[in-house]
Amino acid sequence: MRLAQASSVAANLLSLTSVSTPDMSDDCIFCKIVKGEIPSSVIFEDEISVAFMDIFPVTKGHCLLIPKEHHVNLFDIDLELLAQLSKRLAELTRRVNNALGPEGVLNAVANGPGAGQEVFHLHFHVIPRNSGDPFGFKFPPNYRDEMAPRDELDNLASLISEASPAM
Ligand code: AMP
Ligand code: ZN
């Protein structure tokens, strides 16, 4: 085999390897699920993602979608992979809706401990919701008593729109 051919074969092998053995973290519980080292109830799995049941469901049918690659949260994942995950998230949400027929399905992602993130491998919650179920966002009491002043909303909209969308 000529050198050029050999290096192109090697490059192909490398790209195959990077698809089948994504970056993982040894002490991450969700990487362990990806590697099959701990039990999980898998809904679907493909080359980039796994969807599985949450072990402490807040409602019946609560499940999670994760990338196979170890990313901590939305702050450290590239937008191309995120776009691919979004498609799977929509599919998982529709499956949950069709399978269980809840009144609604909540999608949630916590980015950082301040937002309630406890497992530091990006995951999207898919949570079937029905009236009277035990789950709920905690909004402050009386938060709807007063609308925010328009100039404050305008200032915040400008601040966020001028900030970098990069990692
Ligand atoms: P968060 O608070 O957004 O980081 O959510 C972490 C979620 O992971 C919680 O809903 C946990 O119940 C769930 N979880 C933790 N360990 C496991 C596991 N081994 N299998 C399935 N879900 C898990
Ligand atoms: Zn991980």
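Residues numbered from 1 in each chain as written. Chains lettered and ligands numbered in written order. Predicted model: local features only at pLDDT ≥ 70, side-chain atom pairs only at ≥ 80, totals over all residues.

1. Regarding the site of ligand 1
Neighbouring ligand 1 are the residues Ile29, Ile38, Ser40, Asp54, Ile55, Phe56, Ala110, Gly116, Gln117, Glu118 and Val119. The class makeup of the residues in the shell around ligand 1 is six nonpolar, three polar and two charged. (Near = placed C-beta within 6 Å. Nonpolar A, V, L, I, M, F, W, Y, C, P; charged D, E, K, R; others polar.)

2. Here's the deal with the pairing of strand E1 (residues 42-45)
Here E1 runs beside strand E2 (residues 49-53); their pairing, made up of three bridges, is antiparallel. For Phe44, the partnering residue across the bridge sits in E2 and is Ala51. Turn length for the E1-E2 hairpin, with the two strands adjacent in sequence and antiparallel, is three residues. (Pairing = 2+ DSSP bridges. Helix = DSSP H or I, 4+ residues; strand = E, 2+ residues; numbered from the N terminus.)

3. A word on unusual backbone geometry
One non-glycine residue, Asn142, lies in the positive phi region at around 65°. Considering the arrangement of structural elements, one finds Asn142 in the loop between strand E5 (124-129) and helix H4 (150-162). Owing to 7 C-beta atoms within 10 Å, Asn142 belongs among the exposed residues under this scheme. (Buried ≥ 20, exposed ≤ 12 C-beta atoms within 10 Å, placed from the backbone.)

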